[in-house]
Amino acid sequence: KQFVLSKSTQFKKLKAEWRQNVYLAKSKIQGLGLYAARDLEKNTMIIEYIGELIRNEVANRREKLYESQNRGIYMFRLNDELVVDATISGGLARYVNHCCDPNCFAETVSVEKDQKIIIIANKKILKGEELTYDYQFEFEDENNKIQCLCGSANCKKWMN
Ligand SMILES: [Zn+2]
């Protein structure tokens, strides 16, 4: 028999256990990456994408500021109006790289009126595998393309 826990129960489990799910190491894709510290079953909530919740205008201003400081920018779009900025006050989830053939997905989950972004396994992941999800960046013109280095067989070559 399989029992499915409610989202809020899964989230409580995540808050208690996420440190046992992941470790940070040099990425096989780019820079640093996050890896599975143990085998993770499909649909496991692995880690929360933590950061500061800000509006679009603020996000645009900060993006320019960070760029001028040559800082790595870590932001996640929550919805049309809000962005989670993990650049200064983020958690380890910001190191999960993009991949065109990912083993995780990011989902917005409502927990007691708050919106949480959770990285969830989309298949069984073995200990030592690098965690990835599809960033789903909006399409950009030639001048603003970001090259994808994921190396998967179906790589789209660009992240946007
Ligand atoms: Zn790719």
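Before any of the text, the structure's been laid out above.
Residues numbered from 1 in each chain as written. Predicted model: local features only at pLDDT ≥ 70, side-chain atom pairs only at ≥ 80, totals over all residues. Heavy atoms only, no water.

1. As for the pattern of salt bridges
So, step 1. Evaluation of the coordinates by the stated rule reveals eight salt bridges.
So, step 2. Here Glu-52 and Arg-62 are joined by a salt bridge, their closest N and O atoms 3.2 Å apart. Of the two residues, Glu-52 sits in strand 4 (residues 52–55) while Arg-62 sits in helix 2 (residues 56–68), which places them 10 residues apart along the sequence.
So, step 3. Salt bridges sharing partners connect three or more residues here, namely Lys-13, Glu-17 and Arg-38. (Salt bridge = Lys/Arg side-chain N within 4 Å of Asp/Glu carboxyl O. Helix = DSSP H or I, 4+ residues; strand = E, 2+ residues; numbered from the N terminus.)

2. Comments concerning the coordination of the zinc ion
So, step 1. Protein-derived ligands of the zinc ion are Cys-100 (SG), Cys-148 (SG), Cys-150 (SG) and Cys-155 (SG), with the metal-ligand distances lying across 2.3 to 2.4 Å.
So, step 2. Bound by four donor atoms, the zinc ion shows angles of 104 to 113° at the metal and therefore tetrahedral coordination geometry.
So, step 3. Its relative accessible area of 23% is what places Cys-155 among the partly exposed residues. (Donors = N, O, S within 2.8 Å, 3.2 Å for Na, K, Ca; no water. Tetrahedral: all angles 85-135°; square planar, octahedral: opposite > 155°, others 65-115°. Buried < 20%, exposed > 50% of the residue type's maximum accessible area, 1.4 Å probe, protein only.)

3. As for the sheet that holds strand 8 (residues 104–111)
So, step 1. Strand order across the open sheet formed by three strands is 3-9-8, with antiparallel pairing between neighbours. Strand pairing shows two members of the sheet lacking a second neighbour, strand 3 (45–48) and strand 8, which therefore form its edges. Between one strand and the next, the sheet's axes are offset by a mean angle of 40°, whatever the strand orientation.
So, step 2. When strand 8 meets strand 9 (residues 114–121), the two strands line up antiparallel, connected through eight bridges. (Pairing = 2+ DSSP bridges. Axes fitted to C-alpha atoms, helices over the stretch in contact; angles between N-to-C directions.)

4. Concerning the side chain of Asn-160
So, step 1. In this fold, Asn-160 is placed in the segment after strand 10 (132–133).
So, step 2. Under the relative-accessibility criterion, Asn-160 is labelled buried at 10%.
So, step 3. A polar atom in the side chain of Asn-160 sits 2.9 Å from the backbone oxygen of Asn-144.
So, step 4. Excluding anything up to four places from it in sequence, Asn-160 contacts Phe-137, Glu-138, Phe-139, Glu-140, Asn-144, Lys-145 and Ile-146. (Polar contact = N/O pair within 3.5 Å; in protein donor to acceptor, adjacent residues only side chain to side chain. Contact = heavy atoms within 4.5 Å.)

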